[in-house]
Amino acid sequence: MSADIRVKVWRGAEQGDFVRYEVPRQDSQTVLDVVTYIQRHLDPSLSYRFSCRVGMCGSCAMTVNGVARWTCRTSVSKVAADGKLEIAPLANLPVIKDLATDMSGFFDKWAQARGLFQGRRTRHDEFARVEPASSERIAADAGIECIGCGVCHASCDVVGWRAEFLGPAALNRAWTLVNDQRDTGQLERLRAVAGDAGCHVCHTQGSCSERCPKQIAPTAGIAGLKRLVARAAIKGQL
Amino acid sequence: MTSAITQAKLWYWQRVSALVMAPCVVVHLAIIVYAVRGGLSAAEILGRTQGNWLLGGFYALFVLACAVHVPLGLAAIAAEWLGWRGRGAGIAATLFGGLIAVMGLRAIYGLTA
């Protein structure tokens with residue numbers, strides 16, 4: 001094991017440059033440990049975002065050696081075998097400062113995709129009974145564990161080409177709700193996820209599914225949305 | 001008709017045309033092997049294709065599927081790589097689809113008539 005890791009970290013906002021640091025190599029070191037070391041020992045002005053450190057909150061995602069990852073769950077030994085690290089903010093999002101991106105547009109897209117549950121029942125009604133083995137429930141289960149880290153959004157080429165594209169995370173959220181039999185806003189949701197900014201511009205490249213740290217496959221959900229929207233459009237329901 | 005509905009229908013047409021094109025490509029490859037087995041001269045190929053209306057019908061279907069599929073893909077490329085979208089891009093893509101249809105059908109007529 002070499003004594004130091006040679007780290008290049010993005011400093012600045014949209015305009016900026018990579019700055020080099022030398023960080024001592026340690027056992028079981030994560031990329032987040034490296035960033036934290038830099039801020040605490042080398043340059044306290046470095047800005048970055050993290051919270052839980054154990055892969056639950058999704059706030060520490062960054063671009064590590066060109067790939068969007070959760071830094072807290074990425075071992076240095078896995079991604080920097082040659083002792084070199086390049087750490088940048090997530091792609092496809094505006095940079096506030098250094099490694100912190102502005103996620104507001106990302107979450108606005110969840111709202112645009114009708115990512116809010118709309119139910120009919122009140123707390124005075126009986127619980128809805130959803131058959132666990134139903135295909136809808138299974139489809140919703142497959143996408144429900146998303147924690148909104150933005151890794152898929154940053155990995156999507158189509159988001160890079162079309163800034164207005166809702167992106168894999170928002171569409172995955174819509175797909176889980178489309179499969180929620182309690183939800184009452186289905187037609188509005190299908191309208192919201194159709195069109196130039198919606199599911200139909202996805203090229204099924206699968207980068208989102210490849211990179212998702214939760215092993216969710218937004219590509220599959222988007223394909224499901226395409227089928228449902230096309231069916232509704234052909235039937236004249238939209 | 002809203003943009004969303006149009007996009008959904010266009011996507012559907014692109015899918016349906018792709019469904020048609022996929023087996024057409026396989027058959028086309030088989031026809032190439034068949035058509036050139038006696039040699040690659042124009043007279044030899046025309047001798048096999050002229051009057052073969054089954055062949056003409058097959059290629060007409062292939063050409064029409066391409067004429068639907070290609071402009072949809074070109075419009076997407078124009079939007080994503082060149083930033084060219086809207087009515088102008090749609091018209092240009094449609095004209096290109098028309099060009100494929102006209103040239104393709106004309107070639108089939110020349111081979112089979």
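Thresholds applied
Residues numbered from 1 in each chain as written. Chains lettered and ligands numbered in written order. Predicted model: local features only at pLDDT ≥ 70, side-chain atom pairs only at ≥ 80, totals over all residues. Helix = DSSP H or I, 4+ residues; strand = E, 2+ residues; numbered from the N terminus. Buried ≥ 20, exposed ≤ 12 C-beta atoms within 10 Å, placed from the backbone. Contact = placed C-beta atoms within 7 Å. Rg over C-alpha atoms; globule rule 2.2 N^0.38 Å. Nonpolar A, V, L, I, M, F, W, Y, C, P; charged D, E, K, R; others polar. Axes fitted to C-alpha atoms, helices over the stretch in contact; angles between N-to-C directions. Parallel < 35°, antiparallel > 145°, perpendicular 65-115°, else oblique. Left-handed = near helix turned anticlockwise from the far one by under 90°. Domains from an automatic or database assignment. Core = buried A, V, L, I, M, F, W, Y, C linked by C-beta atoms within 7 Å. Expected span 1.5 Å × (residues − 1). Pairing = 2+ DSSP bridges.

Draft legend 1. Highlighting the overall build of chain A. Helix and strand counts for chain A stand at 10 helices and 7 strands. Based on the C-alpha atoms only, the size of chain A along its principal axes is roughly 65 × 35 × 30 Å. Per-residue burial for chain A yields a buried fraction of 42% across its 238 residues. Taking as baseline every contact in chain A between residues at least 6 positions apart, the subset at least 24 positions apart corresponds to 66%.

Draft legend 2. Spotlight on the overall build of chain B. Looking only at helices and strands, chain B has 4 helices and 0 strands in total. Going residue by residue from the N terminus, the α and β elements of chain B occur as α-α-α-α. What you see for chain B is a C-alpha radius of gyration of 17 Å, clearly larger than the 13 Å of a compact globule of 113 residues, by over 25%. For chain B, the residues scored as buried account for 13% of the 113 residues in total.

Draft legend 3. Structural detail: the interface of chain A and chain B. Between chain A and chain B, the contact holds 13 residues from the first and 9 residues from the second. The element that contributes the greatest number of residues to the side of chain A that touches chain B is helix α10 (residues 218-234) of chain A, accounting for 5 residues. Within the side of chain A that touches chain B, the residues separate by chemical class into 7 nonpolar, 2 polar and 4 charged.

Draft legend 4. Spatial organisation of the packing of helix α3 (residues 104-112) of chain A against helix α7 (residues 167-178) of chain A. All names here are of chain A. Remark: α3 packs on α7, axes separated minimally by 9 Å, with the N-to-C direction vectors making an angle of 30°. Viewed along their axes, α3 and α7 adopt a mutual orientation that is roughly parallel. Here α3 and α7 pass one another in a crossing that is right-handed. On the side of α3, the interface is formed by Lys-109, Trp-110 and Gln-112, while α7 contributes Gly-167, Ala-170 and Arg-173. Of the residues belonging to the contact of α3 with α7, the class tally is 2 nonpolar, 2 polar and 2 charged.

Draft legend 5. Looking closely at the domain arrangement of chain A. Residues and elements named next belong to chain A. Each domain of chain A was delimited in the assignment, giving domain 1 (4-101) and domain 2 (104-234). The straight-line distance from the C-alpha centre of domain 1 to that of domain 2 is 29 Å. Each partner contributes residues to the interface: domain 1 has 14 residues there, and domain 2 has 14 residues. Per-element tally for the side of domain 1 that touches domain 2: the top contributor is strand β4 (residues 67-70), with 4 residues. Broken down by class, the residue content of the side of domain 1 that touches domain 2 amounts to 8 nonpolar, 4 polar and 2 charged.

Draft legend 6. Quick look at the nonpolar core. Residue and element names in this part refer to chain A. Residues Ile-87, Leu-171, Val-193, Leu-225 and Val-229 are the most contacted members of the largest nonpolar core, which totals 66 residues. Ranked by residues supplied to this core, first place goes to α7 with 7 residues. Both domain 1 (4-101) and domain 2 (104-234) contribute no fewer than three residues apiece to this core. Among residues more than four places away in sequence, those in contact with Leu-225 are Leu-171, Ala-174, Trp-175, Val-178, Val-193 and Cys-199.

Draft legend 7. Molecular detail of the packing of α7(A) against α10(A). All names here are of chain A. Direction vectors running N to C along α7 and α10 enclose 60°, while the axes themselves pass 9 Å from each other. The angle between α7 and α10 falls in the class oblique. Both α7 and α10 take part in a crossing whose hand is left-handed. Contacts between α7 and α10 involve Pro-168, Ala-169, Leu-171, Asn-172, Ala-174, Trp-175 and Val-178 on the former and, on the latter, Pro-218, Gly-221, Ile-222, Gly-224, Leu-225 and Leu-228. Residue composition of the contact of α7 with α10, by class: 10 nonpolar, 3 polar and no charged.

Draft legend 8. Broad picture of α7(A). Residues and elements named next belong to chain A. End to end, α7 covers 16 Å across 12 residues, agreeing with the expected 16 Å (1.5 Å per residue, within 8%). The buried fraction of α7 is high, at 12 of 12 residues. Of the positions making up α7, those classed as buried are Gly-167, Pro-168, Ala-169, Ala-170, Leu-171, Asn-172, Arg-173, Ala-174, Trp-175, Thr-176, Leu-177 and Val-178.

Draft legend 9. Summary view of the pairing of strand β2 (residues 16-24) of chain A. All names here are of chain A. Bridge analysis of strand β1 (residues 4-12) against β2 gives 9 bridges, and the strand direction is antiparallel. Among the inter-strand pairings, Val-7 is bridged to a residue of β2, identified as Tyr-21. Between β1 and β2, which pair antiparallel and follow one another directly, the connecting turn spans 3 residues.

Draft legend 10. Examining the pairing of β4(A) more closely. Residue and element names in this part refer to chain A. Pairing geometry for strand β3 (residues 61-64) and β4, over 4 bridges, is antiparallel. Each residue of the ladder has a partner; that of Met-62, found in β4, is Arg-69. Where β3 folds back onto β4 in an antiparallel hairpin, the turn is made up of 2 residues, including Asn-65, whose phi is positive at roughly 50°.

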